[in-house]
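Structural features, examined
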Amino acid sequence: MLSNYLNFQFDVQGKPVKGFCMRIQDDFHETYAVVLDGYHSFCVWLDSSSTWRSSKYTSVEPGILEQIINRLSLSKLA
């Protein structure tokens, strides 16, 4: 089970990405606030159909969002 806090650092297309996710209180979904160096923060959540969703105005490259969701998914399995 994922703890309430996850640090991460990885490269996407040669660009370093560093930040963290923090679980936030949500009565309906498993929700995480995502904070990345150089980007606006946003939220991702696991909806009732077990699909990861992100905030409407998430403005990060798709590869970055994919890496974050993969890390959250893997952490949930550990």
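Note that the coordinates shown come from a computational prediction; the quantities given were computed from them, not determined experimentally.

Further remarks concern the overall build of the protein. Along the protein, the regular secondary structure elements total one helix and five strands. Ordered by position from the N terminus, the helices and strands of the protein form the series β-β-β-β-β-α. By the compact-globule yardstick of 12 Å for 78 residues, the protein fits well, its C-alpha radius of gyration being 12 Å. Projected onto the principal axes, the alpha-carbon positions of the protein cover approximately 35 × 30 × 20 Å. Relative to its full complement of 78 residues, the protein shows a buried share of 36%. Of the contacts made within the protein by residues no fewer than 6 positions apart, 29% connect residues no fewer than 24 positions apart. Taken as a whole, the protein presents about 5200 Å² of accessible surface, with 52% of it coming from carbon and sulfur. Charged side chains in the protein number 7 positive and 8 negative. The centres of these two groups are separated by 1 Å.

The five strands lie next to each other as β1-β2-β3-β4-β5, forming an open sheet whose pairing is antiparallel. With one partner strand each, in any of the chains shown, β1 (5-12) and β5 (52-54) form the two edges of the open sheet. Averaged over all adjacent pairs, the angle separating strand axes in this sheet is 25°, with direction ignored. By the bridge criterion, three bridges tie strand β4 (residues 42-46) to β5 in an arrangement that is antiparallel. Along β5, the bridge assignment pairs W45 with R53.

Right, let's talk about the nonpolar core for a bit. Counting residues in each nonpolar core, the largest one holds 20 residues, and the members touching the most others are L36, I64 and I68. The set of elements that each furnish at least two residues to this core consists of β1, β2 (15-24), β3 (30-36), β4 and α1 (62-77). In terms of residue count, the dominant contributor to this core is α1 (five residues). Setting aside chain neighbours within four positions, we find I68 in contact with F8, F10, C21, V34, L36 and F42.

As for its placement among the helices and strands, R53 is situated in strand β5. Take R53: its relative accessible area is 39%, and that puts it in the partly exposed class. Sequence-wise, R53 and D26 are 27 residues apart; in three dimensions their C-alpha atoms are separated by 14 Å. Of note is the side chain of R53, whose polar atom sits 2.9 Å from the side chain of D47.

Interpreting fine coordinate detail is not advised for predicted regions of low pLDDT. Of the residues in the protein, 92% reach a pLDDT of 70 or more, and the chain-wide mean stands at 90. Looking across the protein, the model is least confident in α1, with a mean pLDDT of 87, and most confident in β5, with 95.

Moving on: the pairing of β4. Because side chains alternate across β4, one face comprises the buried residues F42, V44 and L46, and the other comprises C43 and W45, none of which is buried. Remark: five residues form the turn of the hairpin made by β3 and β4, two consecutive strands paired antiparallel; G38 in that turn has positive phi of roughly 85°. Adjacent in sequence and paired antiparallel, β4 and β5 are bridged by five residues, among which S50 carries a positive phi angle near 60°.

Rules used throughout
- Residues numbered from 1 in each chain as written.
- Predicted model: local features only at pLDDT ≥ 70, side-chain atom pairs only at ≥ 80, totals over all residues.
- Heavy atoms only, no water.
- Helix = DSSP H or I, 4+ residues; strand = E, 2+ residues; numbered from the N terminus.
- Rg over C-alpha atoms; globule rule 2.2 N^0.38 Å.
- Buried < 20%, exposed > 50% of the residue type's maximum accessible area, 1.4 Å probe, protein only.
- Contact = heavy atoms within 4.5 Å.
- Areas by Shrake-Rupley, 256 points an atom, 1.4 Å probe, with all protein chains shown as cover.
- Lys, Arg positive; Asp, Glu negative; His and termini not counted.
- Charge placed at Lys NZ, Arg CZ, Asp CG, Glu CD.
- Pairing = 2+ DSSP bridges.
- Axes fitted to C-alpha atoms, helices over the stretch in contact; angles between N-to-C directions.
- Core = buried A, V, L, I, M, F, W, Y, C linked by side-chain atoms within 4.5 Å.
- Polar contact = N/O pair within 3.5 Å; in protein donor to acceptor, adjacent residues only side chain to side chain.
- pLDDT = per-residue confidence, 0-100.

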